[in-house]
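Survey of secondary and tertiary structure
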Amino acid sequence: MKAWKLLLPVPLVFALAMVPQDPAGDAEVATIMTISDFQYVTLQGNVTTVPSKNVVEIRYLEDHNEHIRLELLYDNGDYSMIDAQTFHVLRSGTTQREVKLVRGKRSKLRFPKLP
């Protein structure tokens, strides 16, 4: 057998080794969406509406088992962590704004590392 035939799989193995990998599985999914309001229902059943003109980023922490956990970052630098039953992203309204929506894990929690 010729030696060059043994070297054919080397580029393939090298290419597979260079593929980016995420061993921790902590990749966040993010998008920017134009919304008018953000509504959520608290654990007590109260509906709260937050106008989009105040919100910069909404983060959904998906690995919280008991209920929905959300982080809201406001335009003035304020921060809220919300435990909710449900939430609604409303897109049709009078005042709209682009807001970053992020879905991630608790390990990527913003608090206390605020921007």
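**With respect to the overall build of the protein**
Within the protein one finds two helices and seven strands. The buried share of the protein, reckoned over its 115 residues, is 23%. The contacts of the protein with a sequence gap of at least 6 include a subset with a gap of at least 24, amounting to 63%. Total accessible area computed for the protein in this model is approximately 8,000 Å², and 56% of it derives from carbon and sulfur atoms.

**Considering the nonpolar core**
If you look at the biggest cluster of nonpolar residues, it comprises 14 residues, and the most contacted ones within it are Val55, Ile58 and Leu72. Counting only elements with at least two residues in this core, the list comes to strand S2 (37-42), strand S4 (55-61), strand S5 (68-74), strand S6 (79-90) and strand S7 (97-104). Take this core: its biggest share by element is four residues, from S5. With near-sequence residues (within four places) excluded, Val55 lies in contact with Val50, Leu72, Leu73, Tyr74, Arg97 and Val99.

**Section: the side chain of Thr42**
With respect to the helices and strands, the residue Thr42 is situated in strand S2. Not counting chain neighbours up to four residues away, the residues in contact with Thr42 comprise Thr48, Asp83 and Gln85.

**Section: the pattern of salt bridges**
Within this structure, the stated rule accounts for five salt bridges. Linking Glu57 and Arg59 is a salt bridge whose minimum nitrogen-to-oxygen distance equals 2.9 Å. The class for Arg59 is buried, based on a relative accessible area of 5%. We note a salt bridge from Arg69 to Asp83, for which the minimum N-O separation is 2.7 Å. You can see Arg69 sitting in strand S5 and its partner Asp83 sitting in strand S6, a full 14 residues away along the chain. Three or more residues are tied together by salt bridges with common partners; here these are Glu57, Arg59 and Glu71.

**Quick notes on the packing of aromatic side chains**
According to the stated counting rule, one finds three aromatic pairs in the structure shown. Taken together, a centroid distance of 6.2 Å and an interplanar angle of 40 degrees make the contact between Phe38 and Tyr40 tilted. On the basis of relative accessible area, Phe38 is assigned to the buried category, the value being 1%. Summarising the aromatic geometry, the rings of Phe38 and Phe87 are spaced 5.8 Å apart at their centres and angled 35 degrees between planes, so their arrangement reads as tilted. One end of the pair, Phe38, is in strand S2; the other, Phe87, is in strand S6, with 49 residues separating them in the sequence. The class of Phe87 is partly exposed, set by a relative accessible area of 30%.

**A few points about the pairing of S7**
When strand S1 (residues 29-35) meets S7, the two strands line up antiparallel, connected through seven bridges. Bridging from a neighbouring strand, Thr34 pairs with Glu98 of S7. Bridge count between S4 and S7: five bridges; the pairing is parallel. Bridge pairing in S7 places Glu57 opposite Lys100.

What counts, and where the lines are drawn
Residues numbered from 1 in each chain as written. Predicted model: local features only at pLDDT ≥ 70, side-chain atom pairs only at ≥ 80, totals over all residues. Heavy atoms only, no water. Helix = DSSP H or I, 4+ residues; strand = E, 2+ residues; numbered from the N terminus. Buried < 20%, exposed > 50% of the residue type's maximum accessible area, 1.4 Å probe, protein only. Contact = heavy atoms within 4.5 Å. Areas by Shrake-Rupley, 256 points an atom, 1.4 Å probe, with all protein chains shown as cover. Core = buried A, V, L, I, M, F, W, Y, C linked by side-chain atoms within 4.5 Å. Salt bridge = Lys/Arg side-chain N within 4 Å of Asp/Glu carboxyl O. Phe/Tyr/Trp six-rings, centres within 6.5 Å; stacked < 30°, edge-to-face > 60°. Pairing = 2+ DSSP bridges.

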